[in-house]
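Each chain is listed here by its residues.
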Amino acid sequence: MKQTQKYSKACQILTFPHKTQDELYTELNRLGWYWNSQKKEWARDDTPAKQATQLIRVRVWAATNKVEQAAELFLENAEENGLRLIEKSPPYVNRPPNQNDSRIYLTFEDVSDNSQLPTNDQ
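Residues numbered from 1 in each chain as written. Predicted model: local features only at pLDDT ≥ 70, side-chain atom pairs only at ≥ 80, totals over all residues. Heavy atoms only, no water.

### Section: the overall build of the chain
- Broken down by element type, the chain carries three helices and six strands.
- The helix and strand sequence of the chain, counted from the amino end, reads α-α-β-β-β-α-β-β-β.
- On C-alpha atoms alone, the chain measures out to a radius of gyration of 20 Å, which is more than a quarter above the 14 Å that the 2.2 N^0.38 rule sets for 122 residues.
- Along the three orthogonal principal directions, the C-alpha set of the chain runs to about 50 × 45 × 25 Å.
- Counting only residues that meet the buried cut, the chain has 21% of its 122 residues in that class.
- Put simply, of all contacts in the chain between residues at least 6 apart along the chain, 46% involve residues at least 24 apart.
- By element, 48% of the accessible surface of the chain is carried by carbon and sulfur atoms, the whole surface being about 9,600 Å².
- The positive charge centre, built from 16 side chains, and the negative charge centre, built from 17, are 11 Å apart in the chain. (Helix = DSSP H or I, 4+ residues; strand = E, 2+ residues; numbered from the N terminus. Rg over C-alpha atoms; globule rule 2.2 N^0.38 Å. Buried < 20%, exposed > 50% of the residue type's maximum accessible area, 1.4 Å probe, protein only. Contact = heavy atoms within 4.5 Å. Areas by Shrake-Rupley, 256 points an atom, 1.4 Å probe, with all protein chains shown as cover. Lys, Arg positive; Asp, Glu negative; His and termini not counted. Charge placed at Lys NZ, Arg CZ, Asp CG, Glu CD.)

See the structure below:
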């Protein structure tokens, strides 16, 4: 594994058997540690977690002449699977050198019956 500053400092904080750096980082995140890239150090934040958002946000990125069609395909599939569209942005053309691509932002709310899904309490 590449001995980056992030990885070296992670190993100093946590002795955890891992095969990849991502496994170690995931465990640190689970324990409340987050990499502060500006300070080049791991920091711990014990602030209680907020409830997760009920919204699902998607960015559709495609060739300008296909982005609307791609967004519509995704929208149809999402609605068939219990998501309700709340907002659809107009297409935004990307800046050079990607000016032949555009993006559309979709915001959904999950309206499906999730009573069958397991929760952390179970």
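From this point on, the discussion continues.
### Structural notes on the pairing of strand β2 (residues 41–44)
- Pairing of strand β1 (residues 33–36) with β2 involves four bridges; the strand directions are antiparallel. Bridge pairing links Y34 to A43 in β2.
- Counting the residues between successive antiparallel strands, the hairpin from β1 to β2 contains four residues, one of them, K40, with a positive phi of roughly 60°. (Pairing = 2+ DSSP bridges.)

### Section: the environment of E68
- Here E68 is to be found in helix α3 (residues 67–80).
- Residue class for E68 comes out partly exposed when judged on its relative accessible area of 36%.
- Sequence-distant contacts of E68, defined by excluding residues within four places in its chain, comprise K88, P91 and I104.

### What to know about helix α2 (residues 21–30)
- When α2 is considered as a whole, its buried residues turn out to be Q21, L24, Y25, E27 and L28. Seen along its axis, α2 keeps its buried residues to an arc of 160°; they face one direction. Across α2 from its buried face, at more than 90 degrees, point the exposed residues D22, T26 and R30.
- On its buried face, α2 sits against α1 (5–13), β1 and β2.
- In the stretch just after α2, G32 is the one whose phi turns positive, near 100°. (Arc of directions from axis to C-beta.)

### Thoughts on the environment of G32
- Position of G32 relative to the elements: it lies in the loop between α2 and β1.
- A relative accessible area of 11% means that G32 is categorised as buried.
- Distance in space between the C-alpha atoms of G32 and V58 is 27 Å, their sequence separation being 26 residues.

### A short note on the nonpolar core
- The biggest cluster of nonpolar side chains holds eleven residues, and these are V58, V60, A62, V67, A71, L75, A78, L83, I104, L106 and F108.
- At the level of secondary structure, the elements contributing two or more residues to this core comprise β3 (55–63), α3 and β6 (101–110).
- Residue contributions to this core peak at four residues, all from α3.
- Once you skip the residues sitting within four places of it in the chain, F108 turns out to touch Q54, L55, I56, V58, F74, L75, A78, L83, R84, L85 and I86.
- Counting residues in each nonpolar core, the second largest holds seven residues, with A10, L24, Y25 and W42 among its members. (Core = buried A, V, L, I, M, F, W, Y, C linked by side-chain atoms within 4.5 Å.)

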